[in-house]
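# Topology and contacts: notes
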Amino acid sequence: MKNIKILLITLTMMTIMSSCEDPLERTSVGIFSEENVWTDEGLVDLYVANVFARTNFLPGAGNGNIHELVVDACAGGYARTFGGWPAGYTFTQGAFSSQGTGNDSNEYWKWDLVRDINTGIEELNNPNSVLPADYKDARLGELHFLRAWVYFQKVKRYGGVPIIKSAQSLTQSFEEISVPRNSEQEVYDFIAEECDTAEALLEGKTLEYGRATSWTALALKSRAMLYAGSIGEFGTMQLNGLLGIDNADKYWQISYDASKKLIEQGGFALFGTGAASFEEAEKSYYELFTKAEGNSETIFAEVFVGEGSKSEDWERWCAPAVISGTTFINTYLETFEMYEYTDGTSGKLDRSTLVAGIFHDMADFIGRKDPRCRANIFLPEVQYGGATVWMHEGLYVNGVLETDNVDGIDVPAKGPARDIQRTGFFNKKRSNEEYLVGNGFALGGTDFMVFRLGEIYLNMAEAAFALEKDGEALEALNTVRRRVLMPDKPAITWEVIQNERAVELAFEQHRYWDLRRWRIAHTELDRRDGKGNKYSGVRWRKDYDNPGMYEIIHTTSGTATDSWDRIFEEHHYYFPIGLERRQRSPELIENPNYE
């Protein structure tokens, strides 16, 4: 049962105290006096749940913020939005400057959250506390995990940030609480320490679904140390050591060890193994993301309830127009091409065949694709919500392209307007048929898997490869592929690892950050007219007289591509601290090229 949801329902009835004041963004405990909060288990639970709710593991979910919700899909190069207005899409313009990143869709400053976590840790460590020791350990473990998570969100954006371990007093002067940045390496070391503390405090404790466990802390360690290792491997030291990692192997090893322990001792299993066919593998992979609770692969999930409580809007934005959805997250042809064919051959298309007059058999064009492609992307004639998703812009009848319905023919001449525009593909992953919400807001209740075993296998594969354990790396990667009946890779390279993460972890808040930590975002995400490398889409035209045959037109102009040049320059690997923040906290040094 989603017991934690009871707490989150209660939270929606309370005011979550916050402030934009820097550098502390100071807040008080709020509704209850500190004396009352820290002597009552129910109030402590509420306090910790408050912090969980404000952490936003799935950006933009639970607060109706489409700008944050779409930023990873757009910034990571998987997709664009139907309209050009969401800040999470305009973020791709790369308007980084001394003023900031252009908008707040991908920021994570949140020092008020750090203060509240620190307050909780200090109060629960009070030797005069009357709360039971086991209870305090569980809540402390959660808070240390949350502090590690918050600092991970900061370090992967800004590099080194101030490490603040105590709750700065509301009575301290501005000068006292304005503290300098720690180095990026020091922050990653702090995250590792926090994960270790959380793991030890939570070990052996059985907590409700939706709460952090010792395995959750280990999963965060696996991911965060992977980031540190890759920055050490591919990045450079800057600002006299404030930015960069000088010992990549140290962090690769920590990530490898955490991943291996989780895989071998955690008791988790890949969901949907043993599929008898590609169709069954596709169905299981789709259900992996719509049935997180009770799922053997779920290590930690952010819980959503649906209407009337903590909710998410993913279905509202992803579902096709044929069932009154908005078809809002439009996937590029280049994303479709990332997925190999079922025999392991490249998914790259001969685009000279994507022209008028050449028809393609969909049994080959789509039917032979990696099952994860068909599970993750809406494609023509898929069944969803009890309806057929028509995506063609015209229907060939007796060799004539019709765009108005033809009497006596049971197939529409074209799909709904929103389903045939933009890139010709749109996101299906985690769009749950259980929540056919149409245009309604705050109605979805599909939980978001923050950590799952599939990621941990790929973390282990990458760390092992970096440590020259090629055989172990290859086996871990192929274990993930076998779940969907994809053939084993015969050898492992950085390119193999990078593409496998791109397809396995698509739309799960990884791609943008992966490209950044590998230091290839300036080539993969910088896409401009002048370079001739902008993302593209297709137009579908169905042949009624030859079932399964489509004319597919490659489209590189208009709304099939981006509404602007995507810009990612090399100094964008670190977000600007920003002039306003620096004016409020003069001790903060700006990142390179933003002065």
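We now turn to the structure provided with this report.

Reading the values: rules and limits
- Residues numbered from 1 in each chain as written.
- Predicted model: local features only at pLDDT ≥ 70, side-chain atom pairs only at ≥ 80, totals over all residues.
- Heavy atoms only, no water.
- Helix = DSSP H or I, 4+ residues; strand = E, 2+ residues; numbered from the N terminus.
- Rg over C-alpha atoms; globule rule 2.2 N^0.38 Å.
- Buried < 20%, exposed > 50% of the residue type's maximum accessible area, 1.4 Å probe, protein only.
- Contact = heavy atoms within 4.5 Å.
- Patch = residues over 30% accessible without salt bridge, like charges linked within 9 Å, V, L, I, M, F, W, Y side chains within 5 Å.
- Areas by Shrake-Rupley, 256 points an atom, 1.4 Å probe, with all protein chains shown as cover.
- Salt bridge = Lys/Arg side-chain N within 4 Å of Asp/Glu carboxyl O.
- Lys, Arg positive; Asp, Glu negative; His and termini not counted.
- Charge placed at Lys NZ, Arg CZ, Asp CG, Glu CD.
- Pairing = 2+ DSSP bridges.
- Polar contact = N/O pair within 3.5 Å; in protein donor to acceptor, adjacent residues only side chain to side chain.
- Expected span 1.5 Å × (residues − 1).
- Axes fitted to C-alpha atoms, helices over the stretch in contact; angles between N-to-C directions.
- Parallel < 35°, antiparallel > 145°, perpendicular 65-115°, else oblique.
- Left-handed = near helix turned anticlockwise from the far one by under 90°.
- Nonpolar A, V, L, I, M, F, W, Y, C, P; charged D, E, K, R; others polar.
- Core = buried A, V, L, I, M, F, W, Y, C linked by side-chain atoms within 4.5 Å.
- Disulfide = S-S within 2.5 Å.
- Phe/Tyr/Trp six-rings, centres within 6.5 Å; stacked < 30°, edge-to-face > 60°.
- Lys NZ or Arg CZ within 6 Å of the ring centre and 35° of its normal.

As a further point, take the overall build of the chain. Scanning the chain for helices and strands turns up 24 helices and 13 strands. The C-alpha radius of gyration computed for the chain amounts to 24 Å, which stays within 12% of the reference 25 Å derived for 595 residues, consistent with globular compactness. If one aligns the C-alpha atoms of the chain with their principal axes, the spans along those axes are about 85 × 50 × 45 Å. Burial statistics for the chain: of 595 residues in total, 62% are counted as buried. Taking all contacts inside the chain whose residues are at least 6 apart in sequence as the whole, residues at least 24 apart take part in 74%.

Together, Glu233, Asp249, Glu468 and Asp470 make up a negatively charged patch on the protein surface. Its location among the elements puts Asp249 in helix H12 (residues 248–265). With a relative accessible area of 43%, Asp249 lands in the partly exposed category.

We now examine the sheet that holds strand S10 (residues 425–427). Hydrogen bonds between backbone atoms are what pair the strands of a sheet, whose relative direction is either parallel or antiparallel. Pairing is antiparallel across the open sheet formed by four strands, whose spatial order is S1-S3-S10-S5. One side of each edge strand has no neighbouring strand; the edge strands of this open sheet are strand S1 (79–81) and strand S5 (377–378).

Our focus in this paragraph is the side chain of Asn427. Of note, Asn427 is situated in strand S10. On the basis of relative accessible area, Asn427 is assigned to the buried category, the value being 0%. A distance of 3.2 Å separates the side chain of Asn427 from the backbone oxygen of Lys429, its partner in a polar contact. Residues within four places of Asn427 in sequence aside, it is in contact with Trp314, Cys318, Ile329, Thr331, Asn376, Phe378 and Phe507.

We now examine the side chain of Asn103. With respect to the helices and strands, Asn103 occurs in the loop between helix H6 (87–90) and helix H7 (111–124). For Asn103, a relative accessible area of 16% corresponds to the buried category. A polar contact is formed between the side chain of Asn103 and the backbone oxygen of Ala87, at a distance of 3.1 Å. Beyond its immediate sequence surroundings of up to four residues, Asn103 is in contact with Ala87, Thr90 and Phe91.

Let's shift gears to helix H19 (residues 453–466). Compared with the 20 Å implied by 1.5 Å per residue over 14 residues, the 20 Å span of H19 between its first and last C-alpha is a close match. Here H19 lies mainly inside the structure; 14 of its 14 residues are buried. Of the residues one or two after H19, Glu468 is the one with positive phi, at around 65 degrees.

Where helix H8 (residues 133–158) contacts helix H11 (residues 214–234), the two axes come as close as 11 Å, and the packing angle between them is 20 degrees. The pairing of H8 with H11 is recorded here as roughly parallel in orientation. The hand of the H8/H11 crossing is left-handed. Across the interface between the two elements, Phe145, Ala148, Trp149, Phe152 and Lys156 of H8 pack against Thr216, Ala217, Leu220, Arg223, Ala224 and Tyr227 of H11. For the contact of H8 with H11, the residue count by class is eight nonpolar, one polar and two charged.

Attention now goes to the nonpolar core. If you look at the biggest cluster of nonpolar residues, it comprises 169 residues, and the most contacted ones within it are Tyr188, Ile191 and Trp540. Counting residues per element, this core draws most heavily on H8, which supplies 12 residues. Core analysis: the second largest hydrophobic core is formed by five residues, Leu395, Val397, Ile409 and Val411 among them.

All right, on to the pattern of salt bridges then. Tallied over the full model, the rule gives 51 salt bridges. Between Arg54 and Asp112 there is a salt bridge, and its shortest N-O distance comes to 3.6 Å. With Arg54 in helix H3 (residues 41–55) and Asp112 in helix H7, this pair connects stretches of sequence that are 58 residues apart. Judged by its relative accessible area of 8%, Asp112 falls in the buried class. Residues joined by salt bridges that share partners form a network here, namely Glu297, Glu340, Asp370, Arg372, Lys429, Arg452, Arg481, Arg483, Lys489, Glu500, Glu504 and Glu508.

Strands sit in the order S4-S13-S12-S8-S9 across an open sheet of five strands; the sheet is mixed. For this open sheet the edge positions go to strand S4 (359–361) and strand S9 (400–402), each flanked by a neighbour on one side alone. Adjacent strand axes in the sheet meet at a mean angle of 40 degrees when their direction is disregarded.

Okay, the pairing of strand S8 (residues 392–397) next. Across the six residues that make up S8, a large majority, five, are buried. In the sheet, S8 pairs with strand S12 (residues 537–543) via four bridges, with the strands oriented parallel. Directly across from Leu395, in S12, lies its bridge partner Lys542. Both S8 and S9 contribute to a ladder of three bridges, which runs antiparallel. When the bridges of S9 are listed, Tyr396 appears paired with Leu401. Linking S8 back to S9 in an antiparallel pair, the connection comprises two residues, with Asn398 at a positive phi of about 55 degrees.

What follows covers the state of the cysteines. Tallied over the full model, the rule gives zero disulfides. Sulfur of Cys318: no disulfide; nearest cysteine sulfur belongs to Cys74 and is 11 Å away.

The next thing to look at is the environment of Thr479. By the secondary structure assignment, Thr479 is in helix H20 (residues 470–482). The sequence separation of Thr479 and Tyr457 amounts to 22 residues, and the corresponding C-alpha distance is 7.8 Å. Apart from residues no more than four positions distant in its own chain, Thr479 is found in contact with Leu270 and Tyr457.

Given two aromatic rings, their pairing is described by the distance between the two centres and the angle made by the two planes. All chains considered together, the criterion is met by 41 aromatic pairs. Measuring from centroid to centroid gives 5.1 Å for Phe465 and Trp494, while their planes differ by 80 degrees, and the two rings are edge-to-face. A residue pair is termed long-range when its members are at least 10 positions apart, and Phe465 in helix H19 and Trp494 in helix H21 (residues 494–504) qualify at 29 residues. For Trp494, a relative accessible area of 18% gives the class buried. Seen from their ring centres, Tyr512 and Phe568 are 6.4 Å apart, and the 70 degrees between their planes marks the pair as edge-to-face. Taken together, the residues span a long stretch of sequence, with Tyr512 in helix H22 (residues 511–517) and Phe568 in the loop between strand S13 (549–555) and helix H24 (579–584) at a distance of 56 residues. Comparing Tyr512 with Phe568, the two get one shared label, buried. A network of ring pairs unites the aromatic residues Phe91, Phe96, Trp109, Trp111, Tyr151, Tyr158, Phe190, Tyr512, Trp513, Phe568, Tyr573 and Phe575 as a single cluster. For Lys369, the ring lying beneath its charged end belongs to Phe336, and the centroid distance is 4.3 Å.

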